[in-house]
Amino acid sequence: MADIFVWLGVVVFLVGGTLLVLEAFSQSIVWGVLCIIFNPIAIVFCSMHWKDAKYPFAIQSIGLFITLLSLSLQSNY
């Protein structure tokens, strides 16, 4: 059962990441390409364009939380 939540978290994380890259491309092509090639630049993008990037960042954070929580619960059993 916990495997379902792990995969759900991964899917939510990937959706948030995709939305973040789309938001980066809407700012400029350079931001979008940099977010794809060098993913840690997304943190810089989020800090510089927080008003536009807060929802994709929140979705990605929720996905990470679901994944980590379900993995920690799975390891206890």
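Keep in mind it's a predicted model, so treat the numbers as computed, not measured. (Residues numbered from 1 in each chain as written. Predicted model: local features only at pLDDT ≥ 70, side-chain atom pairs only at ≥ 80, totals over all residues. Heavy atoms only, no water.)

## Some points on the packing of helix α2 (residues 29–37) against helix α3 (residues 41–48)
Helices that pack against each other are described as a pair by the angle of their axes relative to one another and the distance between those axes. The cut-off we apply is this: Think of each axis as a best-fit line through the C-alpha atoms, taken over the contacting stretch in the case of a helix, with angles from 0 to 180 degrees between the N-to-C directions. A run of H or I in DSSP counts as a helix once it spans at least four residues, and a run of E counts as a strand once it spans at least two, with each numbered from the N terminus. Just so you know how the angles are binned, under 35 degrees is roughly parallel, over 145 roughly antiparallel, 65 to 115 roughly perpendicular, and the rest oblique. The contact rule is simple, with two residues in contact once any of their heavy atoms fall within 4.5 Å. Each residue receives one of three labels: charged for Asp, Glu, Lys and Arg, nonpolar for Ala, Val, Leu, Ile, Met, Phe, Trp, Tyr, Cys and Pro, and polar for the others, Gly being one of them.
Interhelical geometry of α2 versus α3 gives an angle of 140° and a closest axis separation of 8 Å. As summarised for this structure, α2 and α3 are arranged oblique, according to the angle between their axes. Together, Trp-31, Leu-34 and Cys-35 of α2 and Ile-41, Ala-42, Val-44, Phe-45 and Met-48 of α3 make up the contact between the two elements. Class assignment of the residues belonging to the contact of α2 with α3 gives a composition of eight nonpolar, no polar and no charged.

## Let's talk about a nonpolar patch on the surface
Selection criterion: For patches, a residue must show more than 30% relative accessible area and have no salt bridge; joins then use 9 Å for like charges and 5 Å for nonpolar side chains, namely Val, Leu, Ile, Met, Phe, Trp and Tyr. Under the convention used here, a 1.4 Å probe and the Shrake-Rupley method define accessible areas, while residue burial counts only the protein chains that appear. Salt bridges are counted wherever a side-chain nitrogen of Lys or Arg sits within 4 Å of a carboxyl oxygen of Asp or Glu.
On the surface, Phe-25, Ile-29, Val-33, Ile-36, Ile-37 and Phe-38 cluster together to form a nonpolar patch covering roughly 610 Å² of accessible area. Assignment of secondary structure puts Phe-38 in the loop between α2 and α3.

## Let's talk about the environment of Lys-54
For the record, the criterion: For every residue, the accessible area obtained with a 1.4 Å probe (protein chains only) is divided by the maximum for its type, and the residue is called buried under 20%, exposed over 50%, and partly exposed between those limits.
By secondary structure assignment, the location of Lys-54 is in helix α4 (residues 50–76). Judged by its relative accessible area of 31%, Lys-54 is partly exposed. A sequence separation of 34 residues divides Lys-54 from Leu-20, and the C-alpha atoms of the two residues are 8.9 Å apart.

## Here's the deal with the side chain of Thr-67
Stated formally: N or O atoms closer than or at 3.5 Å make up a polar contact, with two conditions inside protein: a donor-capable atom paired with an acceptor-capable one, and, for residues adjacent in sequence, both atoms drawn from side chains.
Summarising the element assignment, Thr-67 is placed in helix α4. A residue is classified by how much of its surface remains accessible, and Thr-67, at 12% relative accessible area, is buried. Polar contacts involving the side chain of Thr-67 include one to the main-chain amide nitrogen of Val-10, which spans 3.3 Å. Separated by 2.9 Å, the side chain of Thr-67 and the backbone oxygen of Gly-63 make a polar contact. Setting aside chain neighbours within four positions, we find Thr-67 in contact with Val-6, Gly-9 and Val-10.

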